[in-house]
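Observations on the three-dimensional arrangement
Next come the chains, spelled out residue by residue.
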Amino acid sequence: QAQLVESGGGLVQAGGSLRLSCTASGRSFSALAMGWFRQAPGKERAFVAAISRNGYSTAYSDSVKGRFTISRDNAKNTVYLQTNSLKPEDTAVYYCAATRVSGGSDYHASAYEYVDWGQGTQVTVSS
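Note that this is a predicted model, so its numbers are computed, not measured.

Below, the discussion takes up the sheet that holds strand β8 (residues 78-83). Reading across the sheet, the four strands line up as β1-β3-β8-β7 and stay open at both edges, with antiparallel pairing between neighbours. In this open sheet, the two strands that pair with only one neighbour each are β1 (3-7) and β7 (68-73). Across the sheet, the mean angle from the axis of one strand to that of its neighbour is 15°, orientation sign disregarded. Alignment of strand β3 (residues 18-25) against β8, held across six bridges, turns out to be antiparallel. Opposite Leu 20, over in β8, you have Leu 81 as the bridge partner.

Given below as structure tokens:
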């Protein structure tokens, strides 16, 4: 089981940027596909971005494509989510998730495929 700790959330004005980080321990990080999800008040948890074990394959939700970038540093056991051009509708708790995959280019966009989850970090975007 991987332990995941997110950081980097905060309050930012619309148009601003934040860099979220998620550091993993307890499992070989290079064996894990990683994902970011978010949950706004009164809404279900939604997919934001995913990245494969090797970092070469990524996926984004339509709502963040072109504004957010997911990346990973396997030497630091960390996955990042660079969020740019933030909008008030991006306000949510952002969660990091991990799951073992066999293929180096495999990743998942469904929350049901992820086994381990972090506690979340709050992102608030003011208008």
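One pass over the full model with this rule turns up three salt bridges. Asp 62 serves as the salt-bridge partner of Lys 65, at 3.4 Å between the closest nitrogen and oxygen. The pair formed by Lys 65 and Asp 62 is uniform in burial state, with each residue classed as exposed. Here the salt bridges do not stand alone but share partners, grouping Arg 38, Arg 67 and Asp 90 into one network.

A few words now on the state of the cysteines. Where two cysteines share a covalent bond between their sulfur atoms, that bond is called a disulfide. Applying the stated criterion across every chain yields a total of one disulfide. The disulfide that involves Cys 22 links it to Cys 96, with 2.1 Å between the sulfurs. On the sign convention where negative means left-handed, the S-S torsion of about -75° between Cys 22 and Cys 96 marks this disulfide as left-handed. Of this pair, Cys 22 sits in strand β3 while Cys 96 sits in strand β9 (residues 92-100), placing them 74 residues apart in sequence. The exposure class of Cys 22 is buried, given its relative accessible area of 0%. Using a relative accessible area of 0% as the deciding quantity, one classes Cys 96 as buried.

Right, let's get into the side chain of Ser 52. Mapped onto the secondary structure, Ser 52 falls in the loop between β5 (46-51) and β6 (58-60). In this view, Ser 52 contacts Ser 57, Arg 72, Gly 104, Ser 105, Asp 106 and Tyr 107; residues no more than four positions away in its chain are not counted.

Relative to the assigned elements, Gln 39 resides in strand β4 (residues 32-39). The exposure class of Gln 39 is partly exposed, given its relative accessible area of 27%. Considering only alpha carbons, one finds Gln 39 and Val 93, 54 residues apart in sequence, at a separation of 5.3 Å. Not counting the four nearest positions on each side in its chain, Gln 39 is found in contact with Glu 44, Arg 45, Ala 92, Val 93 and Tyr 95. Engagement of the side chain of Gln 39 in a polar contact is seen with the backbone oxygen of Lys 43, the distance being 3.1 Å.

Now for the pairing of β9. Most of β9 sits inside the fold, with seven of its nine residues counted as buried. The pairing of β9 with strand β10 (residues 116-117) spans two bridges and is classified as antiparallel. Of the residues in β10, the one forming a bridge with Ala 97 is Trp 117.

Quick notes on the rules
- Residues numbered from 1 in each chain as written.
- Predicted model: local features only at pLDDT ≥ 70, side-chain atom pairs only at ≥ 80, totals over all residues.
- Heavy atoms only, no water.
- Pairing = 2+ DSSP bridges.
- Helix = DSSP H or I, 4+ residues; strand = E, 2+ residues; numbered from the N terminus.
- Axes fitted to C-alpha atoms, helices over the stretch in contact; angles between N-to-C directions.
- Salt bridge = Lys/Arg side-chain N within 4 Å of Asp/Glu carboxyl O.
- Buried < 20%, exposed > 50% of the residue type's maximum accessible area, 1.4 Å probe, protein only.
- Disulfide = S-S within 2.5 Å.
- Contact = heavy atoms within 4.5 Å.
- Polar contact = N/O pair within 3.5 Å; in protein donor to acceptor, adjacent residues only side chain to side chain.

Everything listed here is a matter of geometry and, on its own, says nothing about what the molecule does.
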